[in-house]
Every structure is written in C-alpha cells, then in structure tokens.
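Structural characterization, general
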Amino acid sequence: MGAHSKGAVRTGPVADTAEPPRAKPPRPAGRDRYFDALRALALVRVVAYHTFGWAWAGLVFPSMGVMFGLAGTLMAKSLERPALKVLKSRLRRLLPPFWFWGLFVVAAMLVHGWMPGRQIVFWVVPLGDPPGDAWAEQAWEIVWYLRTYLWFVLLSPVLLWVFRRAPRTVLSLSLVPILVLTFWRNAPDNRFGTALEDLSTYLTCWLLGFAHRDGVLGRIRPAVLVLLSLAAMACGGWYAFAHRADAGTYDLDEIPLAQAFWSAGFVALLMYAKAYHRTDFARPALPHARLRSRGGTLIRRLDRLVTVFNARAVTIYLWHEVALILAVPLIDLMWDVPAFETYLPLGSQWFLFGVGWVLIAVFVLLCGWVEDVAGRKKPRLLP
C-alpha cells in the first residue's frame, strides 16, 4: 500500500521552426504512466474481489503481486539516495495514514467491547498483524499488505545490495523460500510465520521490480524471459487447481505457492512489456477530429482518475473495506423507501460495488489529506 503508490512524459528536442505545443500540466518527475495505470487497476481489482469474492480474479490480474512489483521498482530508484533517508521517508509516508485509519477502527472495536493486550503495539508499527475483534476482522485483516510492504522496505537496502552482486542468480533462487515453506517446513503458526510466508510469496515480485529498475530484464533474451514467465504461470495455475480440494478453492490467495509462481510470471511479463516495448499510457494522439474530441475527453478523464488513485492509493486501500461494510446497512435503509425498492437493484452485488465506490470517494475526500501531510505537501481534497 504497500505502500506506496506513485509517469513521466518522454520529450525530445523541438525544431526551431515547429509550432510550440500546447502546454500541459507537468507530471511529477520520475513517474511512469504505465505503472500508475497498473496500480490504479490493481486497486479496482482489490475492491472488486472483496465485493464479489471471485476466485478467478487473481488469475486474471494478481493485484498484490503487481503492487509489490511496482513498489520494488520505486524502492530501487529511491535507494539511489542514502538508505536511512529513504527508510525514514517511506515510514513517514506510510504510518500517518495507517494511524489515522487505525484510530477509527480501534475506537470502534473498543466501543464494541474489545479488550486489547500488549500486542496493541502492532497498531503503532505493523511489523506483525495487529490484534483485533472478530467483529471488525473484515476491516483490519487487510493490514497484512502494509505489514509485508513495511518489511520489504526495511529489508530493501540489504536485498538490493545482494541482488546487484548476482542479479540473475538471486532472481532465479527467489522462489526457493516459498518452496521450502510448502514442501519442507511449514512456517510457524504465529505472527512471525505469517509474515515469513507472505514475504516468501511475493519476494520474486519485489525483486522483479529491482530487475526492471536496473535493466536486468533488458539483458535477457525476450524468448527466454517469455518462456520462463509462462512456465512459472503454468506451474502456479496447475498447483492451484491440483490442490483446490485441499484449499477448498483454486483462489490464489488461499494457496501461497500458486500465488508466488503465477504472480512472478505475470509481473515479469508486465515488466517485460515496459522494458522491451517502452510501454506507456500517456495520452495517445487520435487520428480524427471527431474521435479526438470524444476519445480525448474520455482519456483525459481516465488520466485524471489514475492521478487521483495513485495520490490516494493508501487511503483507498485502507478505507475500502470500511466502505463496503458501511454500504450494507446503507442499502438496507434504502429498502424502506418504496421508490428505491422499485427502481434500484438493491439486491445486486453490482449495486453494492457501486455504493462502495461512492463511500470510498467520500473517504478519499475526508481522509486523503493525511497522505498529503505525510508526504509534506499542502493538504488538498483532491490531488
């Protein structure tokens, strides 16, 4: 939200005789619109998954693996500066939004009768899963992503140093930890074990971010990279379906080894598309004036939406489950209004999805400014 959400427009020299282009608002330096769009899509998929519970969603787009891959790329770039400053900056950007959200969640649990113990310290620094009331589990269980992201951030100076000594070897061996935890020794059944399993599951995705930033993927022959990526996805998909009886589903979130292999292959292909084809989602030129008028407006709106999603990624992630929880009693109230009962699809999951996004938008307006404060920017309703 890991955190952790972050395109620069490629420019070149313009001939003296050329008409100067119309000025466009500059994007933040170092940003990439391809990665911004992937992060926004990942957040939409997360909300959809938590609304509909689609077991196949992770196979179509493994959001968490993608988000860890993008975060790894940004972390490798950030570590061009002194490591201590980078770590302090990351913690400063992540923790205040987490504390602000946690204040409301913890207060609600206390009012509901929850009695915290010493492990409440994990609500201050989520190096382990924070304790909570089962009543509010849907709201706080998503902290696992922030916990995993935080550990990756803290480990990144060492990980990057090791990776740069032998990038291909380290990348090749990065799936070994999850293989060990699956076939040799299970992770301990505690907070440490849970964190270790999640780190092992997404380690390859994080290192693929390093590999993209350092140009390692660009030095691998395309055919080799694509074949290895597809092979990893095939292994992950096979393992998920072969063990669906044990897990009760083929949902990758319930089968760490399948998640690790599928996400690694998927993220490698996404990074390949960027490294080899210089993929970008900067506004394309539309050939016809009519299409330029209509399509250009749509593209500008989507571009604006991507900007908001990336500037408020932590807020959207933290508050989306609260929004979905509140959407249920709100829809229940709508059943008491005859016109709503008659004309609105109140019983549809899609309607719940829509109401959830309305409430997410409200939380972005009410709480998103915390991300600005954490980033030492002027607080705004919308970026």
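To keep things clear, this report deals only with the structure shown in the data block.

Cut-off values and rules
Residues numbered from 1 in each chain as written. Predicted model: local features only at pLDDT ≥ 70, side-chain atom pairs only at ≥ 80, totals over all residues. Heavy atoms only, no water. Helix = DSSP H or I, 4+ residues; strand = E, 2+ residues; numbered from the N terminus. Buried < 20%, exposed > 50% of the residue type's maximum accessible area, 1.4 Å probe, protein only. Areas by Shrake-Rupley, 256 points an atom, 1.4 Å probe, with all protein chains shown as cover. Expected span 1.5 Å × (residues − 1). Polar contact = N/O pair within 3.5 Å; in protein donor to acceptor, adjacent residues only side chain to side chain. Phe/Tyr/Trp six-rings, centres within 6.5 Å; stacked < 30°, edge-to-face > 60°.

Looking only at helices and strands, the protein chain features 17 helices and 0 strands. Going through the 383 residues of the protein chain one by one, you find that 48% of them count as buried. Surface summary for the protein chain: the accessible area is close to 20100 Å², and the carbon and sulfur share equals 65%.

A word on helix 1 (residues 33-52). The periodicity of an α-helix, 3.6 residues per turn, causes residues three or four positions apart to be oriented the same way. Under the 1.5 Å per step criterion, the end-to-end length of helix 1 is 28 Å for 20 residues, consistent within 8% with the ideal 28 Å. With 17 of its 20 residues buried, helix 1 lies for the most part within the structure. For helix 1, the N-terminal capping position is held by Asp 32, with its side-chain oxygen 2.9 Å away from the main-chain nitrogen of Tyr 34. Where helix 1 ends, the next residue or the one after it, Gly 53, has phi of about 70 degrees, a positive value.

The next subject is the packing of aromatic side chains. Tallied over the full model, the rule gives 33 aromatic pairs. Between Trp 206 and Phe 210, the aromatic rings sit 6.5 Å apart at their centres with planes inclined by 70 degrees, giving edge-to-face as the arrangement. Note that Trp 206 and Phe 210 are positioned in helix 9 (residues 191-214) at a spacing of 4 residues, about one turn of the helix. Each member of the pair Trp 206 and Phe 210 is classed as buried. Taking 4.6 Å as the distance between ring centres and 20 degrees as the angle between the ring planes, the aromatic pair formed by Trp 319 and Phe 363 counts as stacked. Pair noted here: Trp 319 is in helix 14 (residues 313-334) and Phe 363 is in helix 16 (residues 349-367), with a separation of 44 residues, a long-range link.

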